[in-house]
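# A closer look at the structure
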Amino acid sequence: MPLLIKGGRVITATDDDHLDIYCQGETITRLEANIDPASVDPDSEVIDATGRLVFPGFIDPHVHIHLPFMGTHARDDWASASRAALAGGTTTLIEMICPGPGDEPMAAFEDWHARAAGTASVDFTFHMAVVRFDDLAQKQLRQIVSDHGIASFKVFLAYKGALDLGDEDLFGCLQLAKELGVIVTAHCENAAAIDAMQAKLLSEGKTGPEHHEPSRPTCVETDGVTHLATLAQLTGAHIYCVHTSCDEAVNAALAARRRGVNIWIEAVAPHLVLDKTYAELPDFEGAKYVMSPPLRDKWNQAPLWNQLRARAISTIGTDHAPFDFETQKKAMGRDAFTKIPNGIPSVQERIDLIHTFGVKAGRLGYRAFVDACSTQAARIFGLYPRKGTIRVGSDADLVLYNPDKKHTLAHTTSHSNVDYNAFEGWEMTGKSELVTVRGKVQARGGQFVGETGTGQLLQRTPTHF
Ligand code: URP
Ligand code: ZN
Ligand code: ZN
């Protein structure tokens, strides 16, 4: 059914105007100051957006849904993750395909794609992790880019022996990415330093979750960013540092940018609103807050917000990685923090957290908010202007947002398949009231009302030459 959204304040990364929006089929077909309902299809649903903000559908450029990791699996599937995303106003997810080093890239792509196809209720694409770089892997990586519209790789400098790529292969991967015009997203932490620090701390009897951050302090992340940037400088590859957690690492990335390195920076919601004292909570409660890079000293949050406001940090994702507290984090990591599955779920909470602690707190203007949570991800990852903005011809992915609605985050209202909420009891200001994906209403009032499985794999063309 066509949709006429009347009277809303339409906010994009560049504009902020009162406009009516008409959506026919899957796209936005009219965007005008006042669209007369008599001028549109009489079967249209007319939605009153008076007093509401209208945003382009939000894009989360960093989620884990199917994730075999640290001897276990993340808890979501595409049905639950989509519902969580939609409840929070996110209409496109970019998932990391993270196979093991023994797996073939094409089989991994097919596996991850099959899990999303027919189950996802948001649109989606993938970053293809490169965890091996032999001849077969290179051949298949080329095919994944050319035949399946995947225009970004993922590399890990961390997780020694599991996901990390040695320097020789990392250099080769960056060369290949440059040749193909593919951007390389990267988890930047020095894997060998982490291994050594973990062994040292455990040998001193320091086994609790509060020792996770000291095992990989800010200099370990900064070293990873600097190292990757050096190889990018040599190869000319375009790089994107995921989940950049601290001022020091951001400064290393900005220094590389000043040298001419094509580098983009991602922040994630947990680092912007949580700090390392959460991982120090007693009775193993801190395990809920173990992620990598770790939660940092609180003072790092201000420079992250400031660089977002300056648009020097491009995007805000989540790094949604849902592991249960009772049966996974708690059970597996009781005797050693190194065995706690890393990750903090927040795909449903991201937009309200950033609205509350960013926009409402005066740290971020609305246009910068839209830029960081939608537009930049679309631009960097080859989805713009189909996604990431509101204009005639764009997909009708829209979020009607009540900026004054107060609500409380809770596990009981979370759609993610995980047994805790890292933000339990937090008071939010602002909530998505209606969410559309390609012209179909998929969520109302935080509840999924759409059809499961309507999400599409988005075809992307490499642009990062
Ligand atoms: O702690 C995290 N970040 N878990 C998910 C895997 C990753 O490094 O992104
Ligand atoms: Zn990571
Ligand atoms: Zn991640």
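### Concerning the site of ligand 1
- Taken together, the residues surrounding ligand 1 are His62, His64, Tyr159, His187, His243, Met291, Ser292, Asp319, Ala321, Asn342 and Gly343.
- One of the side-chain N or O atoms of tyrosine 159 is found 2.6 Å from an oxygen atom in ligand 1.
- Note that a nitrogen atom of ligand 1 is positioned 2.5 Å from one of the side-chain N or O atoms of aspartate 319.
- With the chains in place, 99% of the 260 Å² that ligand 1 exposes on its own is no longer accessible.
- Partitioned by chemical class, the residues of the shell around ligand 1 number three nonpolar, seven polar and one charged.

### Details of the coordination of the zinc ion (ligand 3)
- Donor atoms from the polypeptide that coordinate the zinc ion (ligand 3) comprise His62 (NE2), His64 (NE2) and Asp319 (OD), at 2.0 to 2.1 Å from the metal.
- Relative to the metal, the four donor atoms surrounding the zinc ion (ligand 3) lie at angles of 86 to 141 degrees, and the coordination shape comes out irregular.
- Between the donor residues of the zinc ion (ligand 3), the gaps in sequence give the motif H-x1-H-x254-D.
- A spacing of 3.7 Å is found between the zinc ion (ligand 3) and the zinc ion (ligand 2). A residue pair is termed long-range when its members are at least 10 positions apart, and histidine 64 in the loop between strand S6 (58–63) and strand S7 (68–69) and aspartate 319 in the loop between strand S15 (315–317) and helix H11 (325–333) qualify at 255 residues. With respect to burial, histidine 64 and aspartate 319 carry one shared label: buried.

### Re the nonpolar core
- Counting residues in hydrophobic clusters, the biggest one holds 111 residues, and the most contacted among them are Phe55, Phe126, Phe153, Val155, Leu228 and Phe369.
- Both domain 1 (3–55 + 394–403 + 428–448) and domain 2 (57–380) contribute no fewer than three residues apiece to this core.
- Grouped together as the second largest cluster of nonpolar side chains are 26 residues, Ile94, Ala321, Ala377 and Ile380 included.

### Quick word on the domain arrangement of the protein
- For the protein, the assigned domains are domain 1 (3–55 + 394–403 + 428–448) and domain 2 (57–380).
- Inter-centroid distance (C-alpha atoms) of domain 1 to domain 2 is 31 Å.
- Across the contact, 28 residues belong to domain 1 and 25 residues belong to domain 2.
- Summing both partners gives a buried area of about 2,100 Å² for domain 1 against domain 2, and 63% of it is carried by carbon and sulfur.
- In terms of surface lost to domain 2, no three residues of domain 1 exceed Ala13, Met428 and Phe448, which account for 28% of the buried area on that side.
- For the interface between domain 1 and domain 2, the tally reads one salt bridge.
- In this structure, the salt-bridge partner of arginine 438 is aspartate 123, at a minimum N-O distance of 2.7 Å.

### Regarding the pattern of salt bridges
- Summed over all chains, the structure comprises 27 salt bridges.
- Where aspartate 16 meets arginine 9, a salt bridge forms, and the shortest distance between an N and an O atom there is 2.8 Å.
- Of the residues examined, arginine 9 reaches a relative accessible area of 27% and is grouped as partly exposed.
- For aspartate 111, the salt bridge goes to arginine 115, with nearest N and O atoms at 2.8 Å. Taken together, the residues span about one helical turn, with aspartate 111 and arginine 115 both in helix H2 (residues 105–116) at a distance of four residues.
- A single network of salt bridges, built from pairs that share partners, joins Glu26, Asp123, Arg386, Lys387, Asp395, Asp397 and Arg438.

### Concerning the sheet that holds strand S11 (residues 152–156)
- Spatially, eight strands are ordered S6-S9-S10-S11-S12-S13-S14-S15 in an open sheet, and the strand pairing comes out parallel. Two strands close off the open sheet at either side, each with one partner strand: S6 and S15. In this sheet, adjacent strand axes meet at a mean angle of 30 degrees when their direction is disregarded.
- Alignment of S11 against strand S12 (residues 183–187), held across five bridges, turns out to be parallel. Residue pairing for S12: serine 152 is matched across the bridge by isoleucine 183.
- Across the sheet, helix H13 (residues 366–380) touches S6, S12, strand S13 (239–241), strand S14 (263–268) and S15, and the angle it forms with S6 is around 70 degrees.

Quick notes on the rules
- Residues numbered from 1 in each chain as written.
- Chains lettered and ligands numbered in written order.
- Predicted model: local features only at pLDDT ≥ 70, side-chain atom pairs only at ≥ 80, totals over all residues.
- Heavy atoms only, no water.
- Near = heavy atom within 4 Å.
- Polar contact = N/O pair within 3.5 Å; in protein donor to acceptor, adjacent residues only side chain to side chain.
- Areas by Shrake-Rupley, 256 points an atom, 1.4 Å probe, with all protein chains shown as cover.
- Nonpolar A, V, L, I, M, F, W, Y, C, P; charged D, E, K, R; others polar.
- Donors = N, O, S within 2.8 Å, 3.2 Å for Na, K, Ca; no water.
- Tetrahedral: all angles 85-135°; square planar, octahedral: opposite > 155°, others 65-115°.
- Helix = DSSP H or I, 4+ residues; strand = E, 2+ residues; numbered from the N terminus.
- Buried < 20%, exposed > 50% of the residue type's maximum accessible area, 1.4 Å probe, protein only.
- Core = buried A, V, L, I, M, F, W, Y, C linked by side-chain atoms within 4.5 Å.
- Domains from an automatic or database assignment.
- Contact = heavy atoms within 4.5 Å.
- Buried area = accessible area lost by both parts, 1.4 Å probe.
- Salt bridge = Lys/Arg side-chain N within 4 Å of Asp/Glu carboxyl O.
- Pairing = 2+ DSSP bridges.
- Axes fitted to C-alpha atoms, helices over the stretch in contact; angles between N-to-C directions.

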